[in-house]
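One-letter residues, chain by chain:
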Amino acid sequence: MAAGTALLYDEEMTKYKLLWVDPACKIEVPERLTVSHEALVRTGLAARCVSIAVREATDEEILLVHSEEYLEAVKKTPYMTLEDLMAFTQQYGDVYFHPNIYHCAKLAVGATLQLVDSVMTGRVRNGIALVRPPGHHSQKSAASGFCIFNNVAIGARYAMQKYGAKRVLIVDWDVHHGQGVQYCFEDDPNVLYFSWHRYEHQNFWPNLRESDYDSVGKEKGAGFNINVPWNKVGMENSDYLAVFFHVLLPVAYEFCPDLVLVSAGFDSAIGDPEGKMCATPDIFAHLTHLLMNLAGGKLCAVLEGGYNLTSLAQSVCQTVQTLLGDPAPLPADLGGPCESVLKSIHCVRSAHKQYWSCLKYTADLPASELSAKSLKVAEQKTGNEPEAQEQRSPEEIVWPEPPKRLCPPVRTAVALPEGVACPDACKRCSSAEAPSSLVLNRIRGDFFKESEDKVTLTALCDLIALLERMAKNEVRNGLALVQDVSMAMVCVMQHAPTSLTNRVLLVCVGDGCVPTRITEDGKTLLVHISSTEAQGQKSKHCVPVCLRKGCSDVAGFMQAVLGLLLPLGYEYNPGLVLLVRMPGSGVCESVWQQLAGLLQGLAQGHTLVLMQENETASAGPTASALLGSPAPMLGLLGNLLSEDLEALETLRNTLQADWKLLQVNACQQN
Ligand SMILES: O=C(NO)c1ccc(Cn2ccc3ccc(C(=O)NO)cc32)cc1
Ligand SMILES: [Zn+2]
């Protein structure tokens, strides 16, 4: 299994800059690269990465995307005078040239391809290339938006040609639309291009009609181009997560890519003069984490934009720290997506419902949206724009430093019955000292008849010991194989408040009765995925998810996880995630590993898994997920059962009053 995170950087790419006056261009400065790299060095993150050398791209590689005429023209720029360079620039606009920019552009492509090589060959698991000039705006025969060669588009073609990658997902979280990437792959069903971008009803650069949500791709590529327009500025963490949960992730899992390329622009972070958004740098830790179980973990991030040197450096560090496997920060106080984003989400899901089975049951657009489309009615400012943002200059905007993300010394501790081997790299946890009489009485009080069952008692004490070590952050996560999962579950629920947290996300997978009394105190959010209709009353903190074909239905299970469980979990923001595999759940191993992987984005990675002791076959795969190994690819998901999809949609509608991150549609226009 590949491990390690590649870091590609070469100081040579800082050696070009704007040589004349052009207010729109002056933000793209060499310091963007130096502050990013220096932050990685200062925080010690660079030393934890595998440094891969940068190289120049060859002509052949550049010609995977660009025309010979364009390449030949750019080749002449090193020899141009300042006047020639300015004239040459004029023919493209929104970009600037420099005698050394051709060299740097070849290095940016070369760095991208070196990154693709190191990931595709398994030399590393994932990685990031800190490059300039960026690439996602450049086209076959044109430079645009500071971009000369399209680094990520060439990387995608290169991966398919050299490594036979069948399906490549490109996630463009830069705040600008990568029109160059869209044009390159719009008729190609093997490359799924996803971009969100500041749009403001075509009033923001590059002011293209084809950047809107109804550009879904052409001919065979229809459905494989996803545009999410931000029609307002000031978007926050909740808006970004809502788009991941309700647009990108369901489709990305259905697409099942062999490789994920990220056009990692950080001008979508707070403080950026271009984006004017409010999402904080730690959100990139979560966006990265949510993509890391796709493609068996093969993820290549390539720098695009990002012009606030403070938020850029912080966002780069948040991204790299997650690529390295460190626990994600708590997704602090998420609200719900704003009305404008809900409209965009609804429009995108509606535009793509015919192409993706996970979107089949998207409610139709309200008539008002359709008419507005034709009338191009710009949304009236509702007056609830964050005043602070608008008034202050980008440099004046402040935000809290991202929280430290400490790595507990032990990643995965296990509590096992006698005789069960401890999975590799895990640490066996048993209650060394005899449990305190208080604890014993507590446990006896709840479970024991008079007869003292030594084995069960010991097992529960081991479990409590594990919890307490998680509470001290000595251990990140844990796995316990127990005789009776229900008893163990109640034991943990009882003990968690005292030791770890008073907010537990309890995820039960498989049929079986869950003692609902534990969800009455509001300190627990229960999500129970099973094949049986909910008997108990569903409530804000007790969410039964019924899959008619049961937990063995990979497609249905994943959609329930992505579109319901994760949004709930992120909004609830627990201090512990308790993942329980009920006996006979029927859940398939790789889906179980996906779930165990994705849930680690919550509670700073404090995930405790409970399984029946006879499921020793699953102990290894579960442990590997808890140790941070990417879950195996699920393969092409089968079709979703329409009744399950409808039930999921209905459940979201019912719960969205309490859980804002479940909203997928703008409130119906009257
Ligand atoms: O970071 C980015 N992409 O990821 C990105 C891309 C493009 C721009 C805008 N831009 C860059 C040079 C330039 C010149 C003129 C205009 C103009 O507005 N002309 O009308 C705009 C311009 C900013 C950032
Ligand atoms: Zn950008």
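Residues numbered from 1 in each chain as written. Chains lettered and ligands numbered in written order. Predicted model: local features only at pLDDT ≥ 70, side-chain atom pairs only at ≥ 80, totals over all residues. Heavy atoms only, no water.

S.K.: Explain the coordination of the zinc ion (ligand 2) to me, using residue names and the numbers behind them.
M.R.: Here the zinc ion (ligand 2) is held by D174 (OD), D174 (OD), H176 (ND1) and D267 (OD), and the distances to it run 2.0 to 2.6 Å. Mapped onto the sequence, the donors of the zinc ion (ligand 2) take the spacing D-x1-H-x90-D. Taken together, the residues span a long stretch of sequence, with D174 in the loop between β4 (168-172) and α8 (179-185) and D267 in the loop between β7 (259-264) and α10 (283-291) at a distance of 93 residues. The exposure classification of D174 matches that of D267, with both residues buried. (Donors = N, O, S within 2.8 Å, 3.2 Å for Na, K, Ca; no water. Helix = DSSP H or I, 4+ residues; strand = E, 2+ residues; numbered from the N terminus. Buried < 20%, exposed > 50% of the residue type's maximum accessible area, 1.4 Å probe, protein only.)

S.K.: If you had to explain the packing of helix α9 (residues 237-255) against α10 to someone new, which residues and values would you point to?
M.R.: The interhelical angle for the contact between α9 and α10, taken along N-to-C directions, is 10°, at an axis separation of 10 Å. Taken together, the axes of α9 and α10 lie roughly parallel to each other. Packed against α9, whose contacting residues are N237, Y240, L241, F244, F245, L248 and L249, the element α10 presents I283, H286, L287, L290 and L291 at the interface. Split by residue class, the contact of α9 with α10 holds 10 nonpolar, two polar and no charged. (Axes fitted to C-alpha atoms, helices over the stretch in contact; angles between N-to-C directions. Parallel < 35°, antiparallel > 145°, perpendicular 65-115°, else oblique. Contact = heavy atoms within 4.5 Å. Nonpolar A, V, L, I, M, F, W, Y, C, P; charged D, E, K, R; others polar.)

S.K.: If you had to explain the confidence of the model for the chain to someone new, which residues and values would you point to?
M.R.: Within the chain, residue pLDDT values average 92, and 94% of them lie at 70 or more. The complex model carries a pTM of 0.95, and its ipTM stands at 0.93. (pLDDT = per-residue confidence, 0-100.)

S.K.: So what's going on with the site of ligand 1? Which residues, and what values?
M.R.: D94, H136, H137, D174 and Y307 are the nearest of the 14 residues found near ligand 1. Between ligand 1 and D94, the relevant distance is 3.4 Å, taken from a nitrogen atom to a side-chain nitrogen or oxygen of the residue. In the complex, 77% of the free accessible area of ligand 1, which totals 530 Å², lies under the protein chains. In terms of residue class, the shell around ligand 1 is built from five nonpolar, five polar and four charged. (Near = heavy atom within 4 Å. Polar contact = N/O pair within 3.5 Å; in protein donor to acceptor, adjacent residues only side chain to side chain. Areas by Shrake-Rupley, 256 points an atom, 1.4 Å probe, with all protein chains shown as cover.)

S.K.: Which residues make up helix α1 (residues 31-42), and what values go with them?
M.R.: In a regular helix each residue adds 1.5 Å, so 12 residues correspond to 16 Å; α1 covers 16 Å between its end C-alpha atoms and thus fits that length. Taken together, the buried positions of α1 are occupied by R32, L33, S36, H37, A39 and L40. Each buried residue of α1 sits inside an arc of 155° when the element is viewed along its axis, so together they form one side. Taken from the residues just after α1, G44 is the one with a positive phi, measuring 85°. (Expected span 1.5 Å × (residues − 1). Arc of directions from axis to C-beta.)

S.K.: Any chance you could break down the sheet that holds strand β12 (residues 504-509) for me, citing the residues and the numbers?
M.R.: Spatial ordering of the open sheet is given by β10-β9-β11-β16-β15-β12-β13-β14, a layout of eight strands whose pairing is parallel. A single partner strand is all that each edge strand has here, and the edge strands are β10 (427-428) and β14 (542-546). (Pairing = 2+ DSSP bridges.)

S.K.: Which residues make up the domain arrangement of the chain, and what values go with them?
M.R.: Per the domain assignment, the segments making up the chain are domain 1 (5-382) and domain 2 (410-662). Placing a centre on the C-alpha atoms of domain 1 and another on those of domain 2 gives a separation of 36 Å. Between domain 1 and domain 2 lies a buried interface of about 3200 Å² when both sides are counted; carbon and sulfur atoms form 61% of it. Taken together, domain 1 and domain 2 are joined by one salt bridge. Residue E649 is joined to R349 by a salt bridge in which the shortest nitrogen-to-oxygen separation is 3.7 Å. Residue assignment for the side of domain 1 that touches domain 2 shows that the elements contributing at least two residues are α9 and α10. Looking at the side of domain 1 that touches domain 2, its residues break down into 22 nonpolar, 12 polar and eight charged. (Domains from an automatic or database assignment. Buried area = accessible area lost by both parts, 1.4 Å probe. Salt bridge = Lys/Arg side-chain N within 4 Å of Asp/Glu carboxyl O.)

S.K.: Could you give an account of helix α5 (residues 82-90), with specific residues and numbers?
M.R.: Residues L85, F88 and T89 constitute the buried set of α5. One side of α5 carries all its buried residues, which in axial view fall inside an arc of 100°. Turned more than 90 degrees away from the buried face of α5, the exposed residues are E83 and Q90. Against α4 (68-75) lie the buried residues of α5.

S.K.: Any chance you could break down unusual backbone geometry for me, citing the residues and the numbers?
M.R.: Following R132, the chain continues to P133 via a peptide bond in cis, the omega torsion being 5°. If you trace the backbone, P133 turns up in the loop between β3 (126-129) and α7 (151-163). Cis geometry marks the peptide bond from W205 to P206; its omega dihedral reads 5°. Even without being glycine, Q202 reaches a positive phi, approximately 80°. In this fold, Q202 is placed in the loop between β5 (191-198) and β6 (225-230). The residue N473 is not glycine, and still its phi comes out positive at about 60°. In this fold, N473 is placed in the loop between α16 (454-471) and β11 (475-482). Assessed through its relative accessible area of 29%, N473 is described here as partly exposed.

S.K.: Explain the environment of Q91 residue by residue, including any values.
M.R.: Position of Q91 among the secondary structure elements: in the loop between α5 and α6 (101-120). Take Q91: its relative accessible area is 53%, and that puts it in the exposed class. Measuring from C-alpha to C-alpha, the distance between Q91 and A142 comes to 8.9 Å, with 51 residues separating the pair along the chain.

S.K.: Please provide a residue-by-residue account of the environment of S618, values included.
M.R.: Checked against the element boundaries, S618 lands in helix α20 (residues 616-626). Ignoring any residue separated from it by four or fewer positions in sequence, one finds S618 in contact with R581, E589, W592 and M611.

S.K.: Can you tell me about a nonpolar patch on the surface, naming the residues and giving the values?
M.R.: A contiguous nonpolar surface patch, about 220 Å² in accessible area, is contributed by L19, L82 and M86. Relative to the helices and strands, L82 resides in helix α5. (Patch = residues over 30% accessible without salt bridge, like charges linked within 9 Å, V, L, I, M, F, W, Y side chains within 5 Å.)

S.K.: For the packing of α9 against helix α18 (residues 554-572), give the residues involved together with the corresponding values.
M.R.: One can describe the packing of α9 onto α18 by two numbers: an axis separation of 9 Å at closest approach and a directional angle of 160°. Judged by the inter-axis angle, α9 sits roughly antiparallel to α18. Crossing of α9 against α18: the hand is right-handed. Contacts from L241, F245, H246, L249, P250 and Y253 in α9 reach M558, Q559, L562, G563, L566, P567 and Y570 in α18. Here the residues of the contact of α9 with α18 are counted per class, giving 10 nonpolar, three polar and no charged. (Left-handed = near helix turned anticlockwise from the far one by under 90°.)

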